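What follows is each chain in one-letter form.
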Amino acid sequence: MAANNSSEAPIPPLEEAGGEGVKHEAEADGKGKAPAASTTTMLHRSGSRPQLDLSGAAIHGTLEDRNPTILLPNQSDDISHLALDIGGSLIKLVYFSRHADQSTEDKRKLSTKKRLEIFTGARRSYPVLGGRLHFVKFETGKLNECLDFISSKQLHRGGVDSPSWRSGAQPDNIVIKATGGGAYKYADLFKERLGVSLEKEDEMDCLVAGSNFLLKAIRHEAFTHMDGQKEYVQIDQNDMFPYLLVNVGSGVSIIKVDGHGKFQRVSGTNVGGGTYWGLGRLMTECKSFDELLELSQRGDNSTIDMLVGDIYGGLDYSKIGLSASTIASSFGKTISDNKELSEYRPEDISLSLLRMISYNIGQISYLNALRYGLKRILFGGFFIRGHAYTMDTISFAVHFWSKGEAKAMFLRHEGFLGALGAFMSYEKHGLDDLSAHHLVERFPMGAPYVGGKIHGPPLGDLNEKISWMEKFVQKGTQITAPVPMGAPATTGMGGFERPTSKGDILRSDASAALNVGVLHLVPSLDVFPLLEDPKTYEPNTIDLDHNEFKYWFTVLSDHLPDLVEKAVASEGGTDDAKRRGDAFAHAFSAHLARLMEEPAAYGKFGLANLLELREECLREFQFFDAYVSIKQRENEASLAVLPDLLMELDSMDEEARLLALIEGVLAANIFDWGSKACVDLYHQGTIIEIYRMSRKKMQRPWRIDDFDMFKKRMLKKDQPYKKALISVDNSGADVVLGMLPLAREFLRHGIEVVLVANSLPALNDITANELPEIVAEAAKHCGILRKAAEAGGLIVDAMAGIQDDAKDEPVSVPLMVVENGCGSPCIDFRQVSSELAAAAKDADLLILEGMGRALHTNLNARFKCDALKLAMVKNQRLAEKLFNGNIYDCICKFEPVS
Ligand SMILES: CC(C)(COP(=O)(O)O)[C@@H](O)C(=O)NCCC(=O)O
Ligand SMILES: [Mn+2]
């Protein structure tokens, strides 16, 4: 295991390890809108390269606008960057697709923007638009497939929606950024087949730029892998450097990274992925890298390697800390065995090779880390392929040699460093100052189905996706991912016994692909400014460990038929809707199955992510609002009884009213179509009957009951609240009979109110688009709401024909509605809409309502302003786990800042 010194070692070829059995891809083209991506500017790529064409730029908008839109008349409405890393074995593609133009901003958004003085892209000379970053790979041997892919999507011409494509015009001199040896080798072919020139980018530059980008912009990109356990590590953006980057391709490059664009290739080794695959191919009859890796799962290297115990008569050499199972000499046993190659099991050969090479890489990396005093070693490159045993072996070597001082880390996008770096080298993609909060990672329905004979996901439209899913289901391909996750047994300090494997099929490469989703770029997302400490903030209340996941797997699977029925009905119950419904159910079940196998498969995954995944899957099959008619029905029924409720409330004194209002919120939070228990309940009566019953049951003290503390603070005359952010939850009684009357009380106290609602539908949650209409309806019966809604720009014209019971009241504080940037039943305050972030700046009270936003997430979140968390617990297990309580318990948790 001699380390190569950089001065003597042959410079390894800078390409990736790989082989057959790898196709594409971790991408899909869901048509669902990303939350809150709102843009008005027209941008496109010019004919020659994907850059902004600034000619004829003009300011668009009024002069008072702080940050007016800049109209670029010569830009098309689509900008798409494509970059390639063409290695010896694999071609990696990274491309950016812009969202379709979403300039149709509704009145609410425009007036809110103005009121809150929201601007996007203030730090840039031009705004960056929302879009998606896709990661795709092909075997280099199947270059034609890659060219067909680029051509079918017209990626080299800005995508199929770009004007140049639609007009059929053939732009000349298109330049695509590319790195890797193939950028030289295949330049002519690209020119011939696609008419594009490849602009070569230095491979080291690209690796470093790609790695820096990932660490900076993607949350939980890096992870450690020890004894089968994956643990995500959040690297502090301000403390990223220095680190050692080890890119394990066909050969290995070792780079010391000191900053952005600041690095030095300090070493390398020619014993890398290519060596494993090359020797393996010669010594076994494997036809692909993956096959070889799969064999190692069942190998026993002690039949080939000379172990310490072989030399010491089965004993440890404890004086120097070597256990009997330590490999003394890789392949050493074969010297004295007198056996032919064919007499060794290919499984054992593969494992010996894998261990020899992985240890060697780990050791050389450690020595270089030691040489430069570095503690962090990041491993990338397609040799790793998300293969648990490879990662464990490398980690073990680093841990062993450094005596635990240095840490081996791996990257989820390990194979795409070069391609990402090439992508970053476009001068004006505008992505350099992105932060994690701008990127939302989504796992499209194709993700669980990579590998096997059917490759996916489908590249085209919805119909293709569905038929692909149907084909998949017919074939009955197993939805299992037996990536070995069991802890390999270690014996003392020396090394591992044979790896424990969970099955015979290795989906190493597939799992590597599964570990990355499509990155949705939503420039209008922000960190919520009232978070006490965004760095330590964790939205999920409960860790989704294996046990917990098992529970949620059952709950969500059981709920699926009902959800599909609602979704299909929401689309008219047509045959097409039924087909989509089936496809959705299969896609979501497959995700669940995949996560059941490996809970960390999609990065750090909590219940919030799981519930959001379900909504995203629905959108992917074009179910944009499964509960639309239920929501409408419940809104109407609730609005009909609202005047009576308001009258009843108005007859009470201030203190009694406040209690009735909070009781009302808790009682009405029962209308939750995501909870099995509640859905069962709905069969027993009308919405109004259930609401009455729920109110009657409101017995204090509630399971958490800070009401008195809240009342005291709320009614403090010398220090009234100024502005309350009220995050609402469900449609119908919840918002109409619960939250609106509470908001009205705040307005009555002269407190400005901002209602915060979902950007996209999720179950029966009310959305920010739907809310103004409900406020307007309610305002017909209530002067306070009407004046405030008018002041907040929610109602533009005073409505005719309504009783004007508020004409004598002074000009009201405003009532506004903002969207939260989410399309999920939960909320992650690291990624909220810029609208909400702007509205939050001077708020002194935050109210979170509902199980999703106040219990599953944010129960333990701390804010810089007072916070009131209100919810009814509609799940027995959660009630027990969090509060040692029971289903239908109520939570009123008040957390004043001082
Ligand atoms: C999806 C939900 C979080 C929505 O609850 P809400 O925020 O509307 O109070 C909730 O319905 C839930 O946790 N359901 C779990 C499934 C069940 O208990 O049947
Ligand atoms: Mn809800």
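Residues numbered from 1 in each chain as written. Chains lettered and ligands numbered in written order. Predicted model: local features only at pLDDT ≥ 70, side-chain atom pairs only at ≥ 80, totals over all residues. Heavy atoms only, no water.

Explanation requested: the overall build of the chain in the structure shown.
Helix and strand content of the chain: 29 helices and 29 strands. By the burial criterion, 61% of the 898 residues in the chain qualify as buried. Intrachain contacts of the chain at a sequence separation of at least 6 include 75% that bridge at least 24 residues. Roughly 34,200 Å² of accessible area belongs to the chain as shown, and the carbon and sulfur atoms make up 51% of that amount. (Helix = DSSP H or I, 4+ residues; strand = E, 2+ residues; numbered from the N terminus. Buried < 20%, exposed > 50% of the residue type's maximum accessible area, 1.4 Å probe, protein only. Contact = heavy atoms within 4.5 Å. Areas by Shrake-Rupley, 256 points an atom, 1.4 Å probe, with all protein chains shown as cover.)

Mind showing me how you'd approach a nonpolar patch on the surface here?
A contiguous nonpolar surface patch, about 310 Å² in accessible area, is contributed by Ile311, Tyr312 and Leu315. Within the secondary structure layout, Leu315 lies in the loop between helix 9 (308-311) and strand 14 (327-329). (Patch = residues over 30% accessible without salt bridge, like charges linked within 9 Å, V, L, I, M, F, W, Y side chains within 5 Å. Salt bridge = Lys/Arg side-chain N within 4 Å of Asp/Glu carboxyl O.)

How do you make sense of the coordination of the manganese ion (ligand 2) when you look at a structure like this?
Ideal geometry at a metal centre gives angles of 109.5 degrees when four donors are arranged tetrahedrally and 90 or 180 degrees when six donors are arranged octahedrally. Listed as protein donors to the manganese ion (ligand 2) are Asp729 (OD), Asn730 (OD1) and Asp765 (OD); their distances from the metal cover 2.0 to 2.1 Å. Motif for the manganese ion (ligand 2), donor spacing along one chain: D-N-x34-D. Accessibility assignment for this pair places Asp729 and Asn730 in one class, buried. (Donors = N, O, S within 2.8 Å, 3.2 Å for Na, K, Ca; no water.)

How should I be thinking about the pairing of strand 28 (residues 866-872) in this particular structure?
Successive residues of a regular strand alternate their side chains across the two faces of the sheet. Of all seven residues making up strand 28, seven are buried, and the element is well covered by its neighbours. Where strand 27 (residues 845-849) lies against strand 28, five bridges are found, and the strand directions are parallel. Within strand 28, the position partnered with Leu846 by the bridge is Ala867. Tracing the backbone out of strand 27, into helix 28 (residues 851-856) and back to the parallel element strand 28 gives a crossover that is right-handed. The sheet contact formed by strand 28 and strand 29 (residues 890-895) spans six bridges and is antiparallel. When the bridges of strand 29 are listed, Lys869 appears paired with Lys893. (Pairing = 2+ DSSP bridges. Right-handed = clockwise from strand over helix to strand, strands pointing away.)

In this structure, what is going on with the site of ligand 1? I would like to understand it.
Taken together, 16 residues sit near ligand 1, with Asp672, Lys676, His856, Lys874 and Asn875 positioned nearest. Contacts to ligand 1 include Gly852, whose backbone N or O atom sits 2.7 Å from an oxygen atom. A distance of 2.6 Å separates an oxygen atom of ligand 1 from a polar side-chain atom of His856. Protein chains shield 97% of the accessible area of ligand 1, which is 470 Å² for the free molecule. Breaking the shell around ligand 1 down by element, the ones donating at least two residues are helix 16 (546-570) and helix 28. Ranked by residues supplied to the shell around ligand 1, first place goes to helix 28 with three residues. Taken together, the residues of the shell around ligand 1 sort by class into four nonpolar, eight polar and four charged. (Near = heavy atom within 4 Å. Polar contact = N/O pair within 3.5 Å; in protein donor to acceptor, adjacent residues only side chain to side chain. Nonpolar A, V, L, I, M, F, W, Y, C, P; charged D, E, K, R; others polar.)

Is there a simple way to think about unusual backbone geometry in this case?
Most peptide bonds take the trans configuration, and most residues that are not glycine carry a negative phi. Following Phe241, the chain continues to Pro242 via a peptide bond in cis, the omega torsion being -5 degrees. Position of Pro242 relative to the elements: it lies in the loop between strand 9 (229-233) and strand 10 (243-248). Of note, the phi angle at Leu763 is positive, near 45 degrees, even though the residue is not glycine. Counting through the fold element by element, Leu763 comes out in the loop between strand 24 (752-757) and helix 25 (771-779).

Would you explain the confidence of the model for the chain in this entry?
Regions with low pLDDT should not have their predicted coordinates read in detail. When pLDDT is averaged along the chain, the result is 80, and 76% of the positions lie at 70 or above. Between residues 1-79, whose pLDDT stays under 50, and residues either more than four places distant or in other chains, the model counts 265 contacts. Across residues 476-514, confidence stays below pLDDT 50; counting only partners more than four residues off in sequence or on other chains, it has 126 contacts. As scored by the predictor, the complex reaches a pTM of 0.81 and an ipTM of 0.99. (pLDDT = per-residue confidence, 0-100.)

Can you help me understand the state of the cysteines in this one?
One covalent bond between the sulfur atoms of two cysteine residues makes up a disulfide. Counted under the stated rule, the structure contains zero disulfides. Cys146 takes part in no disulfide bond, and the closest cysteine sulfur to it belongs to Cys206, at a distance of 16 Å. Assessed through its relative accessible area of 0%, Cys146 is described here as buried. You can see Cys826 has no disulfide; the closest cysteine sulfur is in Cys822, sitting 9.0 Å from it. (Disulfide = S-S within 2.5 Å.)

Would you take a moment to explain the packing of helix 8 (residues 289-296) against helix 11 (residues 346-371) for this structure?
Two quantities define a packed helix pair, namely the angle between the axes and the distance from one axis to the other. Two numbers describe how helix 8 lies on helix 11: the axes approach to 7 Å, and their chain directions differ by 100 degrees. With respect to helix 11, the element helix 8 is oriented roughly perpendicular. Between helix 8 and helix 11, the contacting residues are Leu292, Leu293, Leu295 and Ser296 on the first element and Pro346, Glu347, Ser350, Leu351 and Leu354 on the second. (Axes fitted to C-alpha atoms, helices over the stretch in contact; angles between N-to-C directions. Parallel < 35°, antiparallel > 145°, perpendicular 65-115°, else oblique.)

It is not clear to me how the sheet that holds strand 23 (residues 723-727) should be interpreted in this structure. Could you clarify?
Hydrogen bonds along the backbone pair up the strands of a sheet, which may run parallel or antiparallel. Taking strand neighbours across the sheet as the criterion, the seven strands line up as 22-29-28-27-23-24-25 in an open arrangement whose pairing is mixed. Each edge of the sheet is formed by a strand with only one pairing partner; in this case those strands are strand 22 (704-705) and strand 25 (815-819). Note: strand 23 against strand 27, four bridges, orientation parallel. Looking at the pairing, Ser727 lines up with Leu848 of strand 27.

So what exactly am I meant to see when it comes to the packing of helix 16 against helix 18 (residues 607-620) here?
Between helix 16 and helix 18, the shortest axis-to-axis distance is 12 Å and the interhelical angle comes to 25 degrees. Comparing their axes, helix 18 and helix 16 come out roughly parallel. Judged by the twist between their axes, the crossing of helix 16 over helix 18 is right-handed. Of the residues in helix 18, those in contact with Phe549, Trp552, Leu556, His559, Leu563 and Ala567 of helix 16 are Leu607, Leu610, Leu611, Arg614 and Leu618. Its residues assigned to classes, the contact of helix 16 with helix 18 shows nine nonpolar, one polar and one charged. (Left-handed = near helix turned anticlockwise from the far one by under 90°.)

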